[in-house]
Amino acid sequence: MENKKYGHFDDAHREYVITDPKTPWPWINYLGNEDFFSLISNTAGGYSFYMDAKFRRITRYRYNSVPMDNDGRYFYIKDGDTVWNPGWKPCRTPLDFYETRHGMSYTRITGRKNDVEASVLFFVPLHTWGEVQKMTLKNLGNEVKKLKVWSFQEWCLWNGATDMENFQRNFSTGEVEIEDSVIYHKTEYRERRNHYSFYSVNTPIQGYDTDRETFVGLYSEKSMPDVVAEGTPRNSWAHGWSPIASHYIEVELQPGEEKDLIFLLGYVEEKQEQKWIAPDGSFSDKDGLDMVINKAQAKKMIADFNTTEKVDKAFAELQAYWDNLLGIYVAKTGNDKLDRMVNIWNQYQCMVTFNMSRSASFFESGIGRGMGFRDSNQDLVGFVHQIPQRARQRIIDIASTQFPDGGCYHQYQPLSKRGNNDIGGGFNDDPCWLIFGTTAYIKETGDYSILNEMVPFDNQPGSEVTLFEHLMISMNHVIKNLGPHALPLIGRADWNDCLNLNCFSWDPNESFQTTENNSEGSKAESLMIAGLFVVTAKDYVELCHTLASKNIEHSTFNAQQFEAEANRMSEAIDKMIAAVKKDGWDGEWFLRAYDFAGNKIGSNENEEGKIFIESQGWCTMAGIGLEEGLCDKALDSVKERMECEHGIVLNNPAYTHYHVEMGEISSYPEGYKENAGIFCHNNPWVIIGETVAGRGNDAWKHYTKILPSYVEEKYQTLHKVEPYVNCQMVAGKDAFRPGEGKNSWLTGTAAWMWYTVSEFILGVKPTYDGLLIDPCLPSTAKEYSVTRRFRGAEYNIHVSNPQGNQKGIKSLVVDGNPVEGNIVPFSEGKHTVEVVM
Ligand code: BGC
Ligand code: NOJ
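*Asks:* So, the pairing of strand 13 (residues 145-158): which residues are in play, and what are the values?
*Replies:* The buried count for strand 13 comes to 12 of 14 residues, which makes it a mostly enclosed element. Where strand 6 (residues 57-59) meets strand 13, 2 bridges bridge the pair, whose relative direction is antiparallel. Directly across from R57, in strand 13, lies its bridge partner W158. Of the strand pairs in this sheet, strand 7 (residues 74-79) and strand 13 are connected by 6 bridges, and their pairing is antiparallel. The residue bridging D79 from the neighbouring strand is L147, located in strand 13.

Listed below in structure tokens is the structure:
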């Protein structure tokens, strides 16, 4: 296969620069950081939504369409007979120059054709429910240019799912209003919706269209809409069918002249009583023949961004926002490829996964999944240092979907924050993740008050207990659900959603993910949960000790009770470790599970799926059997059996046929997804396991194999998906095309890569008392520094490793004073930290 380059990093601007529009797959970016979000590809494809990609979809997108990625915010420029788009699509007119720069929450797409340059900056200003599209048109030639410019976007009828299904209704509901240069989309505003959207431009327009059939033509293509071909707008008003928004603007440019057109796609919510305005200017809650929608808020937003100066200011604010966020942890290692991931892209991806969970990407349709319980807890570990207050709220939202027995809804909808009944609960790893997320938050912030927050069960008012009690019942859920070997029962599945040991499905019409499980009488136990329990229960015990020793006030527990709780859980940990050593060790590695009938999974005795990554990762992270050499053995087995050029596969050998007793895992062809794909998410577990065992060289090697900047340099064509972020899965060694990436952006890999490199490789780890310094390096690494802002203080940490050791520090000097151990005690102000390994 050819190995082309489609772009490169520009670290000084924190951008990835795409120089060829025909990337092997659309390479996208995300705009928006809080409520209003957009996806944007390198050819301006994508869509926008408010909070929830299913219930508040603003613009329409057709996934998996032909040609690929053919819906977006498009600008048609007609210059004489030539029609082109700044981002090449959908006309695909060859450009004289093309460049897309994906940056931190913005994208700039520039095209040039016949001496005209059109450069469009797309971003969602901070605290704004809208996407700004600032188009700068420039005449680079010597002749006057008379251009015709059309904008084009297609409205989604709000519900991203029914929009694609319910045409008997949808084709009759569409409604718009047009006033001045603004097109308002008000479908269903007459009834229960109190929101509308609009698309404006900051200049008088010479025409518009809002009906898709009129603008594009029923049998025409977006590459040449009828109106654009003809050169004249038709001023159509959509009544049902498919409402769109297209402005028509005539632009004349003298040689060398430059003009900005500022478009704004906005979303507005209105109070019931003042949704409508009558001709006399009075408000009404009801539509009527001569009523129009209340446009005041839209006009205010438009006025906020109607000049170049205002837009540039908003853009500068967005950049300052990112400067600040990315100033919290800055590494200087002398290795560009490492620095750009640590300091820029990995942290950026963490923000995106925190915001989106697994809802909206070019692989996740935004209608399938809400926020995952386990996913969101893991995501927040990658994000908590950025904006801890948002992580705090997230923890409370997540915990509010828990059941009184500690079980959890597996997902919830971001808009309603309610547990999702379609998928339900019963994934027995879920409760542990709440400990993982909450302790990370408290270590970062020192904010113990979160444990006193009153949090309901299943969002039922009146059921509230403190968050600490949620943690307690989470732990209890594990120890109350043990199987015949005193190992945790797996339930519907553990982290591996596809290892469905209680499913037994022969019906292709049922989803493995939602079908009723037959856990009655099941002996299915999980070694992954066993390891996860040990890791998170140790965190819980440490938290209890800390609460006791610091005498932290709590509404239901006192210091003595926290101590007793720590002791109770320490015993449970010991028992779990003993159970793993007794019945979870296979001789050379940790078993993966016992199935419904009590047979081993992930054992040398099996013909396929002899070894799995999850239990090697979690049991080594937990340090189970470290002294007896079990961790080293398990990690060596990983290298021997599961490592390949592109990373570590999930299991080996891959399943070659469907095993009804295992479910979805064996539904995938060999080398893909959970069946021996390189599931990037769990590679860091092994990497952390390597650091626990002190094997820095191995940790580094595993880490760089899936580190985007390393992959980018080697294989852009083969890897296919965006080279600046991690993807969920890279085809494994048994696949048809090993190394091919899929499911980019929304993956727990982002948070785990961050957690791994920041806390275990570079080794700067927040603890209750301060920063723990515990690097684990390849022996080639001789020195580096990290600047870490932490609870308002700033630490400038310099690590030197003259002997090329892999682990262990010899001395720690803080502000000139030697410190015992490896914790830099927290104190306010600026500090220098000298570390020698
Ligand atoms: C995928 C998993 C995913 C699950 C739930 C499965 O089809 O293979 O990776 O966790 O669906 O969405
Ligand atoms: C993706 C899901 O979002 C995550 O929750 C799950 O753990 C992995 N797939 C593995 O199946």
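*Asks:* Before we move on, can you summarise the site of ligand 2 with the specific residues and values?
*Replies:* Neighbouring ligand 2 are R358, R369, R374, D375, W495, N496, D497, E674, F679 and Q728. With respect to ligand 2, the backbone of D497 contributes an N or O atom lying 3.1 Å from an oxygen atom. In the environment of ligand 2, an oxygen atom lies 2.5 Å from a nitrogen or oxygen atom belonging to the side chain of E674. If you map ligand 2 onto the pockets, it falls in the second largest pocket. Tallied by class, residues from the shell around ligand 2 come to 2 nonpolar, 2 polar and 6 charged.

*Asks:* Any chance you could break down the layout of surface pockets for me, citing the residues and the numbers?
*Replies:* Which parts of space are left empty comes out when a probe the size of a water molecule is rolled across the atoms. Roughly 870 Å³ of volume is contained in the largest pocket. Around the largest pocket, the lining is made up of 38 residues, and of these K443, D539, Y755, F760 and K765 lie nearest the centre. Among the residues forming the lining of the largest pocket, the class breakdown is 19 nonpolar, 7 polar and 12 charged. In this structure, the second largest pocket encloses a volume near 580 Å³. What lines the second largest pocket is a set of 32 residues, and nearest its centre among them are R369, H410, Q411, D497 and Q513. In the lining of the second largest pocket, the residues fall into 7 nonpolar, 13 polar and 12 charged.

*Asks:* Let's hear about the environment of N822: which residues, and what values?
*Replies:* Tracing the chain through its elements places N822 in the loop between strand 43 (817-818) and strand 44 (823-825). Sequence separation of N822 and F679 is 143 residues, and the distance between their C-alpha atoms is 33 Å. Those residues within four positions of N822 in sequence are excluded, and the remaining contacts are L771, L772, I773, D774, I809 and L812.

*Asks:* Can you explain the site of ligand 1? Please cite residues and give values.
*Replies:* Around ligand 1 lies a shell formed by R369, D497, C498, Q513, E664, Y668, K673, E674, F679 and Q728. One of the side-chain N or O atoms of D497 is found 2.6 Å from an oxygen atom in ligand 1. Burial of ligand 1 by the protein amounts to 80% of the accessible area it has alone, namely 310 Å². In a pocket analysis with a 2 Å cut-off to the grid points, ligand 1 is assigned to the second largest pocket.

*Asks:* Lay out the sheet that holds strand 37 (residues 741-744) with the relevant residues and their values.
*Replies:* The strands that make up a sheet pair up through hydrogen bonds in the backbone, lying either parallel or antiparallel. If you trace the 3 strands from one edge of the open sheet to the other, you get 35-36-37, paired in antiparallel fashion. Among the strands making up the open sheet, the edge pair consists of strand 35 (678-679) and strand 37.

*Asks:* Outline the nonpolar core, listing residues and values.
*Replies:* Ranked by internal contacts, the top residues of the largest apolar core, which has 252 residues, are L137, F198, F533 and Y703. Sorting elements by how many residues they give to this core places helix 11 (residues 527-549) first, with 15 residues. In this view, F533 contacts C432, M475, V478, I479, K538, M569, A572, I573 and M576; residues no more than four positions away in its chain are not counted.

*Asks:* Residues and numbers for helix 10 (residues 467-479), please.
*Replies:* Every α-helical turn comprises 3.6 residues, leaving residues that sit three or four positions apart pointing alike. Given a rise of 1.5 Å per residue, 13 residues ought to cover 18 Å, and the 19 Å separating the end C-alpha atoms of helix 10 matches this to within 8%. Where burial is concerned, most of helix 10 is hidden: 12 out of the 13 residues are buried. Buried within helix 10 are the following residues: L467, F468, E469, H470, L471, M472, I473, S474, M475, N476, H477 and V478. Buried positions along helix 10 lie against helix 8 (388-399), helix 9 (430-445), strand 26 (454-455), strand 27 (465-466), helix 11 and helix 12 (559-583).

Thresholds, definitions, all that
Residues numbered from 1 in each chain as written. Chains lettered and ligands numbered in written order. Predicted model: local features only at pLDDT ≥ 70, side-chain atom pairs only at ≥ 80, totals over all residues. Heavy atoms only, no water. Buried < 20%, exposed > 50% of the residue type's maximum accessible area, 1.4 Å probe, protein only. Helix = DSSP H or I, 4+ residues; strand = E, 2+ residues; numbered from the N terminus. Pairing = 2+ DSSP bridges. Near = heavy atom within 4 Å. Polar contact = N/O pair within 3.5 Å; in protein donor to acceptor, adjacent residues only side chain to side chain. 1 Å grid on protein atoms, 1.4 Å probe; cavity = no way out; pocket = protein on both sides within 12 Å on 5 of 7 lines; lining within 4 Å. Sits in = over half its atoms within 2 Å of the grid points. Nonpolar A, V, L, I, M, F, W, Y, C, P; charged D, E, K, R; others polar. Points joined across faces, edges and corners; volume = space filled by probe spheres on them. Contact = heavy atoms within 4.5 Å. Areas by Shrake-Rupley, 256 points an atom, 1.4 Å probe, with all protein chains shown as cover. Core = buried A, V, L, I, M, F, W, Y, C linked by side-chain atoms within 4.5 Å. Expected span 1.5 Å × (residues − 1).

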